[in-house]
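# Per-entry structural report
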Amino acid sequence: MRVVKCFDCARAEEAVDAVGICHHCGVGVCLAHCHVSLEPGHRLSGVGQSTLSRRARVLVCLTCHSALVPSYAADAQGHHAR
């Protein structure tokens, strides 16, 4: 059995098991390189979509998170500059 490794850790020549797969781009991510959020669930209903009453957990890598949430990218850049 092969275990998926974290993509960002592998780039740093470390072998860390992934805890999940990025919902947006599909890379393996460890706890240090992922962001988990709760988002409204949707399902197709007739000709449109229906929003579900319960929120769904979504896991994305930090690269996709910073691309999808511009305020996070600005905060991260300011944080690294300190």
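Residues numbered from 1 in each chain as written. Predicted model: local features only at pLDDT ≥ 70, side-chain atom pairs only at ≥ 80, totals over all residues. Heavy atoms only, no water.

When helices and strands are counted, the chain shows three helices and four strands. Tracing the chain from N to C terminus, the helices and strands come up as α-β-β-β-β-α-α. Going through the 82 residues of the chain one by one, you find that 18% of them count as buried. Of the contacts formed within the chain by residues at least 6 apart in sequence, a portion of 35% connects residues at least 24 apart. As presented, the chain carries roughly 6,400 Å² of accessible surface, and 54% of it is formed by carbon and sulfur atoms. (Helix = DSSP H or I, 4+ residues; strand = E, 2+ residues; numbered from the N terminus. Buried < 20%, exposed > 50% of the residue type's maximum accessible area, 1.4 Å probe, protein only. Contact = heavy atoms within 4.5 Å. Areas by Shrake-Rupley, 256 points an atom, 1.4 Å probe, with all protein chains shown as cover.)

Now for the nonpolar core. Cys22, Val29, Cys34, Val58, Leu59, Val60, Cys61 and Cys64 form the largest nonpolar core, which has eight residues in total. Top element by residues in this core is strand S4 (residues 48-61). It accounts for four residues. Leaving out residues up to four positions away in the same chain, cysteine 64 has contacts with Cys22, His24 and Cys25. (Core = buried A, V, L, I, M, F, W, Y, C linked by side-chain atoms within 4.5 Å.)

So, about unusual backbone geometry. Even without a glycine there, the phi angle at glutamate 13 is positive, about 60°. The residue glutamate 13 is located in the loop between helix H1 (7-11) and strand S1 (20-21) in this model. By relative accessible area, glutamate 13 is classed as exposed at 78%.

Relative to the helices and strands, arginine 54 is located in strand S4. Through-space distance from the C-alpha of arginine 54 to that of glycine 41 is 6.8 Å; in sequence the pair is 13 residues apart.

The subject of this paragraph is the confidence of the model for the chain. Per-residue pLDDT for the chain averages 82, and the proportion of residues at 70 or more is 80%. Highest mean pLDDT in the chain belongs to strand S2 (residues 28-29) (97); lowest belongs to helix H3 (residues 70-81) (54). (pLDDT = per-residue confidence, 0-100.)

A few words now on the state of the cysteines. Considering all chains together, one arrives at zero disulfides under this definition. The thiol of cysteine 25 is unpaired, and the distance to the nearest cysteine sulfur, on cysteine 22, comes to 3.7 Å. Here cysteine 34 stays unpaired: no disulfide links it, and the sulfur of cysteine 30, its closest cysteine neighbor, is 7.0 Å away. (Disulfide = S-S within 2.5 Å.)

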